[in-house]
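Structural overview for review
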Amino acid sequence: MAVDLHTHSTFSDGSDTPAELMSKAAQLGLEAVALTDHDTLEGIPEAAAAAQHAGVELIAGTEISCEWPPGTMHLVVLFLEPGPGPLQDRLHGLQEARSRRNEVIVERLQRMQMDITHDEILAEAGDGSVGRPHFAAVMVRKGYATDIPAAFDEYLAAGRPAYVARERLGPEDAIRLSLASGGVPIVAHPHTLGLDTAVEFAETFEMLQDAGLVGVECIYGEYEPYEQAIYTDLARRFGLTPSGGSDYHGTYKEGLELGSGRGWLNIPMQVLDELRAAVP
């Protein structure tokens, strides 16, 4: 049986509702799925009810961005339940910072003569928190970009004219808050860390392990099998547990499918079992 430990719903920047996500997981024969929306746990109650009905195990979680100058560092935090807690409470502040950032993005697009309003972006996001894919979708619909990747490449990616940085936690703080809240912190898609040499990876993983990092997302939706093997070997050498997930966003990431990524992803149940054993 296979699992998928990195997915997104309409509560952040995915196109499927949590209920739709769990129903799709059941249809695909997945045994367990982690809902890891950005900076929020708000979709977990809906996902939990749908998962129980569909016969799928739900792993509650979130994905948070960390301050990391060499590149981009995201942490997937698994087994993080809604309710009060050190990281749960901090997520509310991150959501407020995200909202302020989104208002600035709208202002920048309008200065570029784009007829886009904040209300349109909120409508695109529905009940979820607004992310850049929602801006991209509106831009495509109104003819300002040919597709979502083009909207990022031309306007929304880092260094482009509508990009606005937002508040982030430092890696050590994010890991500490995760562990204090009963979560299992995992570095997502490690190729985005901006590291080029074996020495840089060694120094980074040693630093993160000292801070309490548990895992690395080695079996990733975008990775070829040989890349999965490389990252798995690297994680094991530093005493970190390999994790895996598709990073499914529905129509916001075309061709990246739940459970199977680009077509060759397969995450066995033993990956989840090993991570579960690491719950504080």
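The paragraphs below set out a description of the structure included in this document. (Residues numbered from 1 in each chain as written. Predicted model: local features only at pLDDT ≥ 70, side-chain atom pairs only at ≥ 80, totals over all residues. Heavy atoms only, no water.)

A count of helices and strands for the protein chain gives 10 helices and eight strands. Radius of gyration (C-alpha) of the protein chain: 18 Å, near the 19 Å computed for a compact globule of 280 residues. Seen along its three principal axes, the alpha-carbon backbone of the protein chain occupies a region of about 50 × 45 × 40 Å. Classification of the 280 residues of the protein chain by burial places 54% in the buried group. (Helix = DSSP H or I, 4+ residues; strand = E, 2+ residues; numbered from the N terminus. Rg over C-alpha atoms; globule rule 2.2 N^0.38 Å. Buried < 20%, exposed > 50% of the residue type's maximum accessible area, 1.4 Å probe, protein only.)

Judged by nonpolar contacts, the single largest core of 67 residues is most densely connected at Leu5, Ile64, Leu75, Leu78 and Leu275. In terms of nonpolar packing, the next biggest core, distinct from the first, is built from 22 residues, Ile121, Val130, Phe135 and Phe152 among them. (Core = buried A, V, L, I, M, F, W, Y, C linked by side-chain atoms within 4.5 Å.)

As a further point, take the pairing of strand 6 (residues 215-220). Counting buried residues along strand 6, six of its six residues qualify, which places the element largely inside the surrounding structure. Relative to strand 6, strand 5 (residues 184-187) runs parallel, the two sharing two bridges. By the bridge assignment, Ile186 is partnered in strand 6 with Gly215. Note on the crossover from strand 5 through helix 8 (residues 198-211) to strand 6: the handedness is right-handed. Regarding the hand of the β-α-β motif, the stretch spanning strand 6, helix 9 (residues 225-237) and strand 7 (residues 241-245) is right-handed. (Pairing = 2+ DSSP bridges. Right-handed = clockwise from strand over helix to strand, strands pointing away.)

This part takes up the packing of helix 1 (residues 18-28) against helix 2 (residues 44-54). When two helices pack together, their arrangement is given by the angle between the helix axes and the distance between those axes. Running from N to C, helix 1 and helix 2 point in directions that differ by 25°, and their axes come no closer than 8 Å. Taken together, the axis directions place helix 1 and helix 2 in an arrangement best described as roughly parallel. Between helix 1 and helix 2 lies a crossing whose hand is right-handed. Contacts from Pro18, Ala19, Met22 and Ala26 of helix 1 reach helix 2 at Glu46, Ala47, Ala50, Ala51 and Ala54. Taken together, the residues of the contact of helix 1 with helix 2 break down into eight nonpolar, no polar and one charged. (Axes fitted to C-alpha atoms, helices over the stretch in contact; angles between N-to-C directions. Parallel < 35°, antiparallel > 145°, perpendicular 65-115°, else oblique. Left-handed = near helix turned anticlockwise from the far one by under 90°. Contact = heavy atoms within 4.5 Å. Nonpolar A, V, L, I, M, F, W, Y, C, P; charged D, E, K, R; others polar.)

Here we take up the packing of aromatic side chains. Summed over the entire model, instances satisfying the criterion amount to five aromatic pairs. Three or more aromatic residues joined by ring pairs make a cluster, and in this case those are Phe201, Phe205, Tyr220, Tyr223, Tyr231 and Phe238. (Phe/Tyr/Trp six-rings, centres within 6.5 Å; stacked < 30°, edge-to-face > 60°.)

What follows covers the side chain of Gln228. Positionally, Gln228 belongs in helix 9. When neighbours within four sequence positions are excluded, Gln228 is seen to be in contact with Cys218, Ile219, Tyr220, Tyr223, Trp264 and Leu265.

Next up on the list: the sheet that holds strand 4 (residues 73-78). By definition, the strands of a sheet pair up through backbone hydrogen bonds, in either a parallel or an antiparallel sense. Taken in spatial order, the eight strands of this open sheet run 7-6-5-4-3-2-1-8, and their pairing is mixed. For this open sheet the edge positions go to strand 7 and strand 8 (267-268), each flanked by a neighbour on one side alone. Relative to strand 5, strand 4 runs antiparallel, the two sharing four bridges. Bridge pairing in strand 5 places Leu78 opposite Val184. Its contacts with the sheet put helix 1 on strand 1 (2-7), strand 2 (30-35) and strand 3 (57-66), and the angle it makes with strand 2 is roughly 155°.

Quick look at unusual backbone geometry now. Most peptide bonds adopt trans geometry, and most residues besides glycine take a negative phi value. Positioned with a positive phi, Gln113 is a non-glycine residue whose angle comes to about 70°. Notably, Asp247 is not glycine yet its phi reads approximately 65°, a positive angle. Within the secondary structure layout, Asp247 lies in the loop between strand 7 and strand 8.

What follows concerns the pairing of strand 2. When you tally the buried positions in strand 2, you get five out of six residues, the bulk of the element. Note: strand 1 against strand 2, four bridges, orientation parallel. Its bridge partner lying in strand 2, Ala2 is registered against Leu30. In terms of handedness, the path from strand 1 via helix 1 over to strand 2 forms a crossover that is right-handed.

Buried within helix 1 we find Pro18, Leu21, Met22 and Ala25. Seen along its axis, helix 1 keeps its buried residues to an arc of 95°; they face one direction. At the C-terminal side of helix 1, Gly29 shows a positive phi close to 80°. (Arc of directions from axis to C-beta.)

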